[in-house]
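# Coordinates in review
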Amino acid sequence: MCDEALLPEQILERLETSVHLAQARGKQNGPDIDAALGLLDQLIQWSYDRYTNIELEDGCEEEGEEQTYRVHPRDISRANQICGSFLIKIVSGDLGEWDDDRVDTAARLLAHLSGRGEHKFKLHEPSYIGNDIGFKTWGAAPLLAKKLIQQNLIPDLPNRTILELGTGTGLVGLCCGKLGATNIFLTDYHESVLTNVAINVQLNNSCATVSKLDFIQVAQNQEPSWQDRKFDIVIASDLLYEMEHAEYLPVAVDMLMENEFYFMIPLRPTHTAEVELFERRMQEVGLVKRQVTETEQEEEEGIVRYRYYEYTR
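What counts, and at which threshold
- Residues numbered from 1 in each chain as written.
- Predicted model: local features only at pLDDT ≥ 70, side-chain atom pairs only at ≥ 80, totals over all residues.
- Heavy atoms only, no water.
- Helix = DSSP H or I, 4+ residues; strand = E, 2+ residues; numbered from the N terminus.
- Buried < 20%, exposed > 50% of the residue type's maximum accessible area, 1.4 Å probe, protein only.
- Contact = heavy atoms within 4.5 Å.
- Areas by Shrake-Rupley, 256 points an atom, 1.4 Å probe, with all protein chains shown as cover.
- Pairing = 2+ DSSP bridges.
- Right-handed = clockwise from strand over helix to strand, strands pointing away.
- Polar contact = N/O pair within 3.5 Å; in protein donor to acceptor, adjacent residues only side chain to side chain.
- Phe/Tyr/Trp six-rings, centres within 6.5 Å; stacked < 30°, edge-to-face > 60°.
- Lys NZ or Arg CZ within 6 Å of the ring centre and 35° of its normal.
- Axes fitted to C-alpha atoms, helices over the stretch in contact; angles between N-to-C directions.
- Parallel < 35°, antiparallel > 145°, perpendicular 65-115°, else oblique.
- Left-handed = near helix turned anticlockwise from the far one by under 90°.
- Nonpolar A, V, L, I, M, F, W, Y, C, P; charged D, E, K, R; others polar.

## Quick notes on the overall build of the chain
Along the backbone of the chain there are 10 helices and nine strands. Out of the 313 residues in the chain, the part that is buried amounts to 49%. The long-range share in the chain, meaning contacts at least 24 apart out of those at least 6 apart in sequence, stands at 72%. Taken as a whole, the chain presents about 15100 Å² of accessible surface, with 45% of it coming from carbon and sulfur.

In structure tokens:
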């Protein structure tokens, strides 16, 4: 990995030189290969936080985007032109026999370059007051959307039915649509929020269905229209604001989920009890924790830590 702070265009210039030298020096090309892989890795890592480009209705970009070091899709396309065949040669052994770590790195970078494209979303976020928090795209939703894109979490999305709980502005469900899902249900309990989600569905030419669903009422068997309905994938973000949410969300997920549940939350010091209750209740309803990871994100209030869950039956 290159420690020097370089602009994306500077990385691409050095990358092109390193690839040329690596291919020209025959069996003595180890350091040049490592330099090229390090530069490419740096470019891709920078692109992670900026790859999902969220545009508001007025064309403004998501707060916090840094223009100076921003990695554009054209930078990734250029890197693919420079490195595509080079990486293939490393993986196939055409540039010599190398240790597994170097080959694995080349294969990982090749997979990233092969699967990347530009994904933009237009989101209408009206002014919100009181408890109408669904009008805002909170930090967990963009992180989950980016994770869906970058890691190809659900490779067979076109063949799955997707239910998003507490959809807010609809970002995560809309992301599933961009990735090929065609049977998507964006749900929330607040009528005004649903009206705004419908606007975002139109702005993004999505085929998603917008529906009212209160997961607490579902858990209490007070939503007859949702009883006995199952969805391949249930997905949600940032829903643990009260102990009641932590108590009933696992029950609702168990009732609505056929196969998998994907969930991203911020770890707020004020909501530790809610997180602990949620995890305990998920275990009690019998859902299996397949993966839990944490990540940090710099936001206006400082560093915020997020936790990502995957559950199965």
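## Regarding the environment of Tyr306
Tracing the chain through its elements places Tyr306 in strand β9 (residues 302-312). You can call Tyr306 buried: its relative accessible area is 2%. Along the sequence, Tyr306 and Glu296 sit 10 residues apart, while their C-alpha atoms lie 6.1 Å from each other. Those residues within four positions of Tyr306 in sequence are excluded, and the remaining contacts are Gly139, Ala140, Leu143, Met264, Ile265, Pro266, Leu267, Thr293, Glu294, Thr295, Gln297 and Glu299.

## Description of the environment of Arg280
You can see Arg280 is positioned in helix α10 (residues 272-284). Taking the C-alpha atoms as reference points, Arg280 and Pro250, 30 residues apart in sequence, are found 9.2 Å from one another.

## Focus: helix α6 (residues 171-178)
With six of its eight residues buried, α6 lies for the most part within the structure. Within α6, burial applies to Leu171, Val172, Gly173, Leu174, Cys175 and Cys176. Of the residues trailing α6, Gly180 is marked for its positive phi of about 115°.

## With respect to the pairing of strand β6 (residues 231-237)
In terms of burial, β6 is largely enclosed, as seven of its seven residues are buried. Where strand β3 (residues 161-165) meets β6, four bridges bridge the pair, whose relative direction is parallel. Across the sheet, Ile162 pairs through a bridge with Ile233, a residue of β6. In terms of strand pairing, β6 meets strand β7 (residues 257-266) through six bridges, oriented parallel. Within β7, the residue paired with Val234 across the bridge is Phe261. One crossover worth recording links β6 to the parallel β7 by way of helix α9 (residues 243-256), and it is right-handed.

## Some remarks on the side chain of Arg102
You can see Arg102 is positioned in helix α4 (residues 100-114). A distance of 2.8 Å separates a polar atom in the side chain of Arg102 from a polar atom in the side chain of Asp34. Contacts of Arg102, omitting those with residues within four sequence positions, involve Gly30, Ile33, Asp34, Leu37 and Ile90.

## Some remarks on the packing of aromatic side chains
Here the distance between the centres and the angle between the planes together describe a pair of aromatic rings. Overall, the coordinates contain nine aromatic pairs when judged by the stated rule. Judged by centre distance (5.9 Å) and plane angle (25°), the ring pair of Tyr309 and Tyr311 falls under stacked. Taken individually, Tyr309 and Tyr311 each receive the classification buried, so the pair is uniform in this respect. Three or more aromatic residues joined by ring pairs form one cluster here, namely Phe261, Phe263, Phe278, Tyr309 and Tyr311. Lys178 extends its terminal NZ or CZ atom over the ring of Phe121, reaching a point 5.7 Å from the ring centre. One Lys or Arg, Arg229, reaches over the ring of Phe185 and ends 5.4 Å from the middle of that ring.

## Topic: the packing of α9 against α10
Any two packed helices are characterised by the angle at which their axes cross and by the distance between the axes. Close contact between α9 and α10 brings their axes to 8 Å; oriented N to C, the two are set at 20°. Taken as axis vectors, α9 and α10 run roughly parallel relative to one another. The chirality of how α9 crosses α10 is right-handed. Across the interface between the two elements, Met243, Ala246, Glu247, Leu249, Pro250 and Val251 of α9 pack against Ala273, Glu274, Leu277, Phe278, Arg281 and Met282 of α10. Classifying every residue of the contact of α9 with α10 gives nine nonpolar, no polar and three charged.

## Re unusual backbone geometry
For Asn221, which is not a glycine, the phi torsion comes out positive at approximately 60°. Along the polypeptide, Asn221 turns up in the loop between α8 (215-219) and β6. The phi angle at Asp238 is positive, at roughly 55°, despite the residue not being glycine. Position of Asp238 relative to the elements: it lies in the loop between β6 and α9.

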